[in-house]
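# Structural characterization, general
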Amino acid sequence: MTATSWVVSAALLVLGGSRPMKSAVNANVDPANAQITVLYDAFGQTSGMQKDWGYAAFVEYGGKRILFDTGNNPDILAQNAKAKGVDLSQLDFVVMSNRHGDHMGGLTYLLSVNPKVPIYAPKEGFGVYGADLPSTFYRKDPSLSPEQRYYNGAPPEVMRFGSAWPSANFRLVDKNIEIAPDIHLVTLVSDKPGTLELRELSLVINTSDGLVIVVGCAHPGIDKIVESATAITPRIHFIAGGFHLVVAPDPDIEKIVMALHDRFKVEYIAPGHCTGEPAFAALKRAFGDHYIYAGLGTTLTATQVGNHR
Ligand SMILES: [Fe+2]
């Protein structure tokens, strides 16, 4: 089966409406079973799950079980994961896209059921997920007496700074890396007003039919994230997540739509979260039947990972 049929089967599932949930997948997930399930968003047509502003998606690929973001509220994440039969105590790793509350707000629930899971998170100076700096970062003045100097003039080589979740197993990321076979993190820093200097991680899976990209809020710009991902391979098969066009004026939306459709030739698109209502409409017009509905509760599935490299 090709990656294209992955998306087509997703569309068929969506057309199936409120079909019964897939049963809980155990930790020994079949590597041939690839899918993305939207666990947190503010739009959808599901019962038993609660809509709320934020984003979380459960990603399975190559036998890995990945939680991408945790939504806005721990109780709602718990409710929505249970409704979809997703056992968050059985994960290979977690990816936090950024530090905003609508992506990290569910972390306390996640840690209550899975306290030691590795969590890839953006590394920022004095960030909420923790940080470190070489002690060479600050200027020294040896003319001062020891009691006036930081660490009496003998600082540790690396200075570590606290996080809001001190017992969590964070792995801080500030460069593009491959964290499992064909599973990459792309990181960029926003230069946009309102989110200046905010670092964001995006999940990029290199399938045999092109890249599958999951974005949280795309604050640095969805076009810039896609451009960075093309260093892995230029073919973009599929993008899901928030494109951060929720307040963008129409001309800006059109520029992004054209970049995705005409410049990067993205094959399928499944926007959610902060993409915004006018951008949903514009992307639908541009992508037609290559626009995949991905509201809360949607499971984008493959019957097998024929696309697994
Ligand atoms: Fe967001």
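Our structure is the block above this text.
Our subject in this report is the structure included herewith. What you see is a predicted model, and the numbers here were worked out from it, not measured in a lab. (Residues numbered from 1 in each chain as written. Predicted model: local features only at pLDDT ≥ 70, side-chain atom pairs only at ≥ 80, totals over all residues. Heavy atoms only, no water.)

## Focus: unusual backbone geometry
- Even without glycine at this site, E197 takes up a positive phi of about 75 degrees.
- Locating E197 in the fold gives a position in the loop between β10 (183-189) and β11 (199-207).
- Of note in this structure, A218 is not a glycine but carries a positive phi near 55 degrees.
- Turning to its location among the elements, A218 is positioned in the loop between β12 (210-215) and α5 (222-229).
- A218 gets classed as buried once you look at its relative accessible area, which sits at 2%. (Helix = DSSP H or I, 4+ residues; strand = E, 2+ residues; numbered from the N terminus. Buried < 20%, exposed > 50% of the residue type's maximum accessible area, 1.4 Å probe, protein only.)

## So, the sheet that holds strand β13 (residues 236-242)
- The six strands lie next to each other as β9-β10-β11-β12-β13-β14, forming an open sheet whose pairing is mixed. Each of the sheet's edge strands pairs with one partner strand only, and the pair in question is β9 (177-180) and β14 (268-272). Neighbour to neighbour, the strand axes of the sheet diverge by 20 degrees on average, direction disregarded.
- As defined by bridge partners, β10 adjoins β11 across seven bridges and the pair is classed as antiparallel. When the bridges of β11 are listed, L185 appears paired with L203.
- The strands that α5 touches are β10, β11, β12 and β13; relative to β10, the one it contacts most, it runs at about 135 degrees. (Pairing = 2+ DSSP bridges. Axes fitted to C-alpha atoms, helices over the stretch in contact; angles between N-to-C directions. Contact = heavy atoms within 4.5 Å.)

## Focus: the environment of V86
- The topology assignment puts V86 in the loop between α2 (74-83) and β4 (93-95).
- Sequence separation between V86 and R65 is 21 residues, and the spatial gap between their C-alpha atoms is 10.0 Å.
- Once you skip the residues sitting within four places of it in the chain, V86 turns out to touch L39, F58 and A81.

## Regarding helix α7 (residues 277-287)
- For α7, the complete set of buried residues consists of A279, F280, A282, L283 and F287.
- Those residues of α7 hidden inside the fold are in contact with α6 (250-263) and β14.
- G288 sits one or two positions beyond α7 and adopts a positive phi of about 55 degrees.

## Let's talk about the packing of aromatic side chains
- If you walk through the whole model with that rule in mind, you get nine aromatic pairs.
- Seen in terms of ring centroids, Y129 and W165 are 5.7 Å apart; in terms of plane orientation they differ by 25 degrees. Their pairing is stacked. Note that Y129 is positioned in the loop between β5 (118-122) and β6 (131-134) and W165 in the loop between β7 (158-161) and β8 (169-173), a separation of 36 residues in sequence.
- The exposure class of Y129 is buried, given its relative accessible area of 2%.
- Counting every residue linked through ring pairs, the aromatic cluster contains F43, F280 and Y293. (Phe/Tyr/Trp six-rings, centres within 6.5 Å; stacked < 30°, edge-to-face > 60°.)

## Notes on the pattern of salt bridges
- Under the criterion given, the structure shown has eight salt bridges.
- The salt bridge involving R160 is made with D132; its shortest N-O contact spans 3.8 Å. Of this pair, R160 sits in strand β7 while D132 sits in strand β6, and the two are 28 residues apart along the sequence.
- A relative accessible area of 64% means that R160 is categorised as exposed.
- Note on D132: relative accessible area 24%, which makes it partly exposed.
- The salt bridge involving E267 is made with R235; its shortest N-O contact spans 2.5 Å. Of this pair, E267 sits in the loop between α6 and β14 while R235 sits in the loop between α5 and β13, placing them 32 residues apart in sequence.
- In this structure, a network of salt bridges that share partners links the residues K123, D132 and R160. (Salt bridge = Lys/Arg side-chain N within 4 Å of Asp/Glu carboxyl O.)

Honestly, that's just the spatial picture; any functional story needs more than this.
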